[in-house]
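Examination of the molecular architecture
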Amino acid sequence: MADRQWFRRNPKYAIAGGLAVFAGIAWVAFGYFGVHLLFIDNEVAEGPPVFASTETVSPPATTSTTPTGSGPSAPPTTIDTVIPAPAPAAPATSTPATSTPATTSVTTLPTTVATVATVPPVPEIVTEFSGTFVSLNHPTVGNAIVQGNGTGQRFLRFEQFETDNGPDLNVYLVNSAAGGVDDFVDLGNLKGNIGDQNYEIPPEVDLAVYDTVLIWCVRFSSGFGEALLVAS
């Protein structure tokens, strides 16, 4: 009874105290539990992954100089052609004069032949593993595929993917034989709860061991959905 009278006599304090309690509840619900995220979708739409080895730049063409004709390279050749000069009319009373023939030089020029360097073939991108998402603690659908090109670089790709949104969602590769999430590889934060997206897999990860994709809520230790990877 006395408490009610105190609140009536001090309405400002009563209102301030009520607001503080409400703010605390709101922080727990929205700031920590992330309740609002359940009602907000984060959509992404990433294209196919880009492999470093597919970014090939064609080398420039090279040229070489080869002289015409067969045989090894040789410097320009000069051919001397002798053209006799016309003899002048000799006087009747003198001895005929001798003249020196004129020489004309003809030069042959080398021929330039273009040689184009061979471009190595681009590695083929193939699907190495694939799986279908199933729901755990939240409805989850879509496909998980692992793409590689034989160079060691691989990507985990989600297609037609959808799950609930939530706080601290991460993408794990889990060793299913170990049970639970005692042995896993963290590929990073979930980019979006809806849509196609890519995650690069470290080259040292053995997908025969870490064979399950898991959408994991780190804050509350809860699995949203998972997909078992099977070799293609």
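Because the structure is a prediction, the values reported are computed rather than measured.

Reading the values: rules and limits
Residues numbered from 1 in each chain as written. Predicted model: local features only at pLDDT ≥ 70, side-chain atom pairs only at ≥ 80, totals over all residues. Heavy atoms only, no water. Helix = DSSP H or I, 4+ residues; strand = E, 2+ residues; numbered from the N terminus. Buried < 20%, exposed > 50% of the residue type's maximum accessible area, 1.4 Å probe, protein only. Contact = heavy atoms within 4.5 Å. Areas by Shrake-Rupley, 256 points an atom, 1.4 Å probe, with all protein chains shown as cover. Patch = residues over 30% accessible without salt bridge, like charges linked within 9 Å, V, L, I, M, F, W, Y side chains within 5 Å. Salt bridge = Lys/Arg side-chain N within 4 Å of Asp/Glu carboxyl O. Lys, Arg positive; Asp, Glu negative; His and termini not counted. Polar contact = N/O pair within 3.5 Å; in protein donor to acceptor, adjacent residues only side chain to side chain. Pairing = 2+ DSSP bridges. pLDDT = per-residue confidence, 0-100. Core = buried A, V, L, I, M, F, W, Y, C linked by side-chain atoms within 4.5 Å.

Here's the deal with the overall build of the protein
Looking only at helices and strands, the protein has 2 helices and 14 strands in total. Burial statistics for the protein: of 232 residues in total, 26% are counted as buried. For the protein, the share of sequence-separated contacts (at least 6 apart) that also reach a separation of at least 24 residues comes to 66%. By element, 60% of the accessible surface of the protein is carried by carbon and sulfur atoms, the whole surface being about 15,100 Å².

Looking at a nonpolar patch on the surface
Side chains of Leu 38, Phe 39 and Ile 40 sit close together on the surface and give an oily, nonpolar patch of about 340 Å² of accessible area. As for its placement among the helices and strands, Ile 40 is situated in the loop between helix H2 (11–32) and strand E1 (62–66). The exposure class of Ile 40 is partly exposed, given its relative accessible area of 44%.

Things to note about the side chain of Asp 211
Within the secondary structure, Asp 211 is located in the loop between strand E11 (197–201) and strand E12 (212–217). For the buried Asp 211, which has no salt bridge, the nearest side chain bearing the opposite charge is Arg 154, at an N-O separation of 12 Å. Within the local environment of Asp 211, its side chain forms a polar contact with the side chain of Thr 212, the two groups lying 3.2 Å apart. Each residue touching Asp 211, except ones within four places of it in the same chain, is listed here: Val 174, Asn 175, Ser 176, Ala 227, Leu 228 and Leu 229.

Re unusual backbone geometry
Backbone geometry places Gln 160, a non-glycine residue, at a positive phi of 55°. Mapping Gln 160 onto the fold places it in strand E8 (residues 154–162). For Gln 160, a relative accessible area of 63% translates into the label exposed. Positive phi values are uncommon outside glycine, yet Ser 221 reaches one of about 50°. Relative to the assigned elements, Ser 221 resides in the loop between E12 and strand E13 (222–228).

Observations regarding the sheet that holds E12
Read from one edge to the other, the open sheet built from 5 strands follows the order E6-E13-E12-E9-E10, with strand pairing classed as antiparallel. The outermost strands of the open sheet, each flanked by one partner alone, are strand E6 (134–135) and strand E10 (184–189). Here 6 bridges tie strand E9 (residues 169–174) to E12, and the two strands are oriented antiparallel to one another. By the bridge assignment for E12, Tyr 172 is matched with Leu 214.

With respect to the confidence of the model for the protein
Of all residues in the protein, 56% attain a pLDDT of 70 or more, and the chain-wide mean is 78. Below pLDDT 50 for its whole length, residues 63–68 participates in 19 contacts with residues either more than four positions away or in separate chains.

Examining the nonpolar core
If you look at soluble globular proteins, the nonpolar side chains tend to sit buried side by side. Core analysis: the biggest nonpolar cluster contains 24 residues, and Leu 156, Phe 158, Val 171, Leu 173 and Val 213 have the highest contact counts within it. Those elements that provide at least two residues to this core are strand E7 (141–148), E8, E9, E10, E11, E12 and E13. Setting aside chain neighbours within four positions, we find Leu 173 in contact with Leu 156, Asp 183, Phe 184, Val 185, Leu 187, Ile 201, Val 205, Leu 207, Tyr 210, Thr 212, Val 213 and Leu 229.

Quick look at the side chain of Asn 193
Tracing the chain through its elements places Asn 193 in the loop between E10 and E11. The class of Asn 193 is buried, set by a relative accessible area of 1%. Look past the residues within four positions of Asn 193 in its chain and what remains in contact with it is Asp 41, Asn 42, Phe 161, Glu 162, Thr 163, Asp 164 and Asn 165.

Digging into the environment of Val 126
Residue placement: Val 126 occurs in strand E5 (residues 126–132). Note on Val 126: relative accessible area 36%, which makes it partly exposed. Residues Val 126 and Asn 149, 23 residues apart in the sequence, show an inter-C-alpha distance of 6.1 Å. Each residue touching Val 126, except ones within four places of it in the same chain, is listed here: Val 146, Gln 147 and Gly 148.

Digging into the sheet that holds E11
Pairing is antiparallel across the open sheet formed by 5 strands, whose spatial order is E11-E8-E7-E5-E14. Edge positions in the sheet fall to E11 and strand E14 (230–231), since each of these pairs with one other strand and no more.

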